[in-house]
Amino acid sequence: MAGPGWAPPRLDGFILTERLGSGTYATVYKAYAKKDTREVVAIKCVPKKSLNKASMENLLTEIEILKGIQHPHIVQLKDFQWDSDNIYLIMEFCAGGDLSRFIHTRRILPEKVARVFMQQLASALQFLHERNISHLDLKPQNILLSSLEKPHLKLADFGFAQHMSPWDEKHVLRGSPLYMAPEMVCQRQYDARVDLWSVGVILYEALFGKPPFASRSFTEVEEKIRSNRVIEDFFAHPWVDLEHMPSGESLARATALVVQAVEKDQDGDAAAALSLYCKALDFFVPALHYEVDAQRKEAIKAKVGQYVSRAEELKAIVSSSNQALLRQGTSARDLLREMARDKPRLLAALEVASAAMAKEEEAGGEQDALDLYQHGLGELLVLLAAEPPGRRRELLHTEVQNLMARAEYLKEQVKMRESRWAAESLDKEGLSESVRSSCTLQ
Ligand code: ADP
Ligand code: MG
């Protein structure tokens, strides 16, 4: 079988060059048509030797399905050929590689990118499902990208796909267990819906960098799926945010944080005091929700109003010193950029960081800025880890710390605004006007 280190096979009409990848039963090469068009294609070579009855059927299914369909997010089969050794699928070339590599070189994908990819994947799947075709082996390795400049997803590798018929239940376990629906792994009986399970796993991997059941062996995945261990992570998840649920303790926790905030304020540590006031506010809002006594509610609101005004003053102090720091950072940043000239990846990551800073200045640009910070910092941290000791490393280290501090600060700003909204919406429930005006942190 043609593996790494082997010369690519020969095929009439094409020049096969580099190996693009290999998977379950094939090796895929980049190739040029010998015709004047010099068209670039990808050729999937399946050694006949390796084909038992089942894989032969897979291949024929793949050919039959791909030949019959054309969709912007499904890799196009242009032609197929065979000789005494191999069967060749001549396909549209996807210059961006596969989604697995795309995710892992970026560590994780920003939510916005993941969403666009999900739309594209969904449109391909809807198209297939309308035609009674299931993919059955959806995973990042089987999803390709048209290019890196303007990446579009292209669904590929229809080896396991088949026309789904509810009457044909002779299924065998196929595909990769990490992305497989439990009924596929455990009951060996499934239908078209398993593709949607895999979509969920792929989305999770895009956002968190690894699939939810990441394991080293098949047995380990199966154990995880079958295990009845309680999923404690759910209770600790920031979105559920059990910690800030309105309860009898909310007020005490808010007050304790205010005490700490006042101490820091007295010590002259404006940033720490601001951060503590914000944390306190996160408990005051649920405390207000929890309180039923109208008079006590008013009393809490009056206090919150005072803390919010102090937080606002602190915010002004912190942001003016941040501006000064930002100006100080400029020359070091220019120098770092100069020293990154021979390293396009570093330069690109620094660009993302600059874009984040620019967005931060725009009205209403906070969330975009945060996404950019997250993306830029993800890259910069990887680069920093690989950077050899020296001046550039020192500068990069400082820059990463600066950026993290900015992103952290920005996150707090966003949270503070959200708390304000929460307090305002309490007001709209028919409560006093006074808090609304004092809670306005702008
Ligand atoms: P298998 O059936 O052996 O899993 P695939 O069709 O999934 O084969 O291809 C294996 C790998 O080759 C993919 O994961 C991808 O990295 C690469 N590849 C496949 N098709 C193309 C293509 N059209 N353009 C670029 N790379 C491709
Ligand atoms: Mg594959």
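Residues numbered from 1 in each chain as written. Chains lettered and ligands numbered in written order. Predicted model: local features only at pLDDT ≥ 70, side-chain atom pairs only at ≥ 80, totals over all residues. Heavy atoms only, no water.

**Considering the overall build of the protein chain**
Reasoning step 1: Scanning the protein chain for helices and strands turns up 14 helices and nine strands.
Reasoning step 2: Sequence-distant contacts in the protein chain: of pairs separated by 6 or more residues, those separated by 24 or more amount to 61%. (Helix = DSSP H or I, 4+ residues; strand = E, 2+ residues; numbered from the N terminus. Contact = heavy atoms within 4.5 Å.)

**Digging into the confidence of the model for the protein chain**
Reasoning step 1: Summing up the model confidence of the protein chain, the mean pLDDT is 85 and the portion of residues at 70 or higher is 90%.
Reasoning step 2: When the criterion is pLDDT under 50, residues 428-442 qualifies, and its contacts beyond four places in sequence or with other chains add up to 32 contacts. (pLDDT = per-residue confidence, 0-100.)

**A word on the coordination of the magnesium ion (ligand 2)**
Reasoning step 1: Around the magnesium ion (ligand 2), the protein supplies Asn-142 (OD1) and Asp-157 (OD) as donor atoms, at distances of 2.2 Å. Remark: Asp-157 occurs in the loop between β8 (153-155) and β9 (162-163) and Asn-142 occurs in the loop between β6 (133-134) and β7 (143-145); sequence separation between them is 15 residues.
Reasoning step 2: Under the relative-accessibility criterion, Asn-142 is labelled buried at 6%.
Reasoning step 3: A relative accessible area of 14% means that Asp-157 is categorised as buried. (Donors = N, O, S within 2.8 Å, 3.2 Å for Na, K, Ca; no water. Buried < 20%, exposed > 50% of the residue type's maximum accessible area, 1.4 Å probe, protein only.)

**Focus: the pattern of salt bridges**
Reasoning step 1: Inspection of the entire model under this criterion finds 24 salt bridges.
Reasoning step 2: Residue Arg-333 is joined to Glu-399 by a salt bridge in which the shortest nitrogen-to-oxygen separation is 2.6 Å. Residue Arg-333 is found in helix α10 (residues 294-339), and its partner Glu-399 is found in helix α13 (residues 391-428); the two are separated by 66 residues along the sequence.
Reasoning step 3: Classification of Arg-333 by relative accessible area gives buried; the value is 12%.
Reasoning step 4: In this structure, Glu-362 engages Lys-359 in a salt bridge whose closest nitrogen and oxygen atoms are separated by 3.2 Å. (Salt bridge = Lys/Arg side-chain N within 4 Å of Asp/Glu carboxyl O.)

**Focus: the packing of aromatic side chains**
Reasoning step 1: Tallied over the full model, the rule gives six aromatic pairs.
Reasoning step 2: The structure contains a cluster of three or more aromatic residues connected by ring pairs, namely Tyr-277, Phe-284 and Tyr-307.
Reasoning step 3: Lying across the ring of Phe-102, Arg-106 places its NZ or CZ 3.6 Å from the centre.
Reasoning step 4: One cation-aromatic arrangement involves Arg-131 over Phe-127; the distance from NZ or CZ to the ring centre is 3.7 Å. (Phe/Tyr/Trp six-rings, centres within 6.5 Å; stacked < 30°, edge-to-face > 60°. Lys NZ or Arg CZ within 6 Å of the ring centre and 35° of its normal.)

**Structural notes on helix α6 (residues 218-226)**
Reasoning step 1: Looking at α6, one finds that the buried residues are Val-221, Glu-222 and Ile-225. Along the axis of α6, the buried positions cluster into a sector of 95°, meaning they face one direction only.
Reasoning step 2: On its buried side, α6 packs onto α4 (182-187). (Arc of directions from axis to C-beta.)

**A short note on empty space enclosed by the protein**
Reasoning step 1: The full count for this structure, using the stated rule, is four cavities of 30 Å³ or more.
Reasoning step 2: Estimates place the volume of the largest cavity at around 50 Å³.
Reasoning step 3: Forming the boundary of the largest cavity are Leu-99, Leu-109, Ala-114, Phe-117, Met-118, Leu-121, Leu-153, Ile-202, Leu-203 and Ala-206.
Reasoning step 4: When residues of the lining of the largest cavity are traced back to their parent elements, those giving at least two are α3 (111-130) and α5 (194-208).
Reasoning step 5: Ranked by residues supplied to the lining of the largest cavity, first place goes to α3 with four residues.
Reasoning step 6: A breakdown of the residues in the lining of the largest cavity according to their chemical character gives 10 nonpolar, no polar and no charged. (1 Å grid on protein atoms, 1.4 Å probe; cavity = no way out; pocket = protein on both sides within 12 Å on 5 of 7 lines; lining within 4 Å. Points joined across faces, edges and corners; volume = space filled by probe spheres on them. Nonpolar A, V, L, I, M, F, W, Y, C, P; charged D, E, K, R; others polar.)

**What about the pairing of strand β3 (residues 40-47)?**
Reasoning step 1: Counting buried positions along β3 gives seven out of eight residues, so the element sits mostly inside the fold.
Reasoning step 2: One ladder, built from six bridges, connects strand β2 (residues 27-33) with β3; its direction is antiparallel. Within β3, the residue paired with Lys-30 across the bridge is Ala-42.
Reasoning step 3: The loop that links β2 with its antiparallel partner β3 comprises six residues; one of these, Arg-38, has a positive phi angle of about 55°.
Reasoning step 4: As paired elements, β3 and strand β5 (residues 86-92) share seven bridges and run antiparallel to each other. Of the residues in β5, the one forming a bridge with Ile-43 is Ile-90. (Pairing = 2+ DSSP bridges.)

**What to know about the layout of surface pockets**
Reasoning step 1: Put simply, the largest pocket is a space of about 1,500 Å³.
Reasoning step 2: Taken together, 36 residues form the lining of the largest pocket, with Pro-238, Trp-239, Gln-367, Lys-411 and Lys-415 sitting closest to its centre.
Reasoning step 3: Where the lining of the largest pocket is concerned, the elements lending two or more residues are α5, α7 (233-236), α9 (270-290), α12 (366-386) and α13.
Reasoning step 4: The biggest single contributor to the lining of the largest pocket is α13, with nine residues.
Reasoning step 5: Grouping the constituent residues of the lining of the largest pocket by class yields 19 nonpolar, seven polar and 10 charged.

**A word on the pairing of β2**
Every other side chain in a regular strand lies on the same face of the sheet, so the side chains alternate between the two faces.
Reasoning step 1: Of all seven residues making up β2, six are buried, and the element is well covered by its neighbours.
Reasoning step 2: What sits between the antiparallel neighbours strand β1 (residues 14-22) and β2 is a turn of four residues.

**Here's the deal with α9**
Reasoning step 1: When the terminal C-alpha atoms of α9 are compared, their 30 Å separation across 21 residues agrees well with the 30 Å that a helix rising 1.5 Å per residue should span.
Reasoning step 2: Burial within α9 is extensive, with 16 of its 21 residues counted as buried. (Expected span 1.5 Å × (residues − 1).)

**Examining the environment of Ala-280**
Reasoning step 1: By the element assignment, Ala-280 lies in helix α9.
Reasoning step 2: Taking C-alpha positions, Ala-280 is 4.5 Å from Ala-254, a pair spaced 26 residues apart along the chain.
Reasoning step 3: Here Ala-280 is in contact with Ala-254, Leu-257 and Val-258, once residues within four sequence places are set aside.

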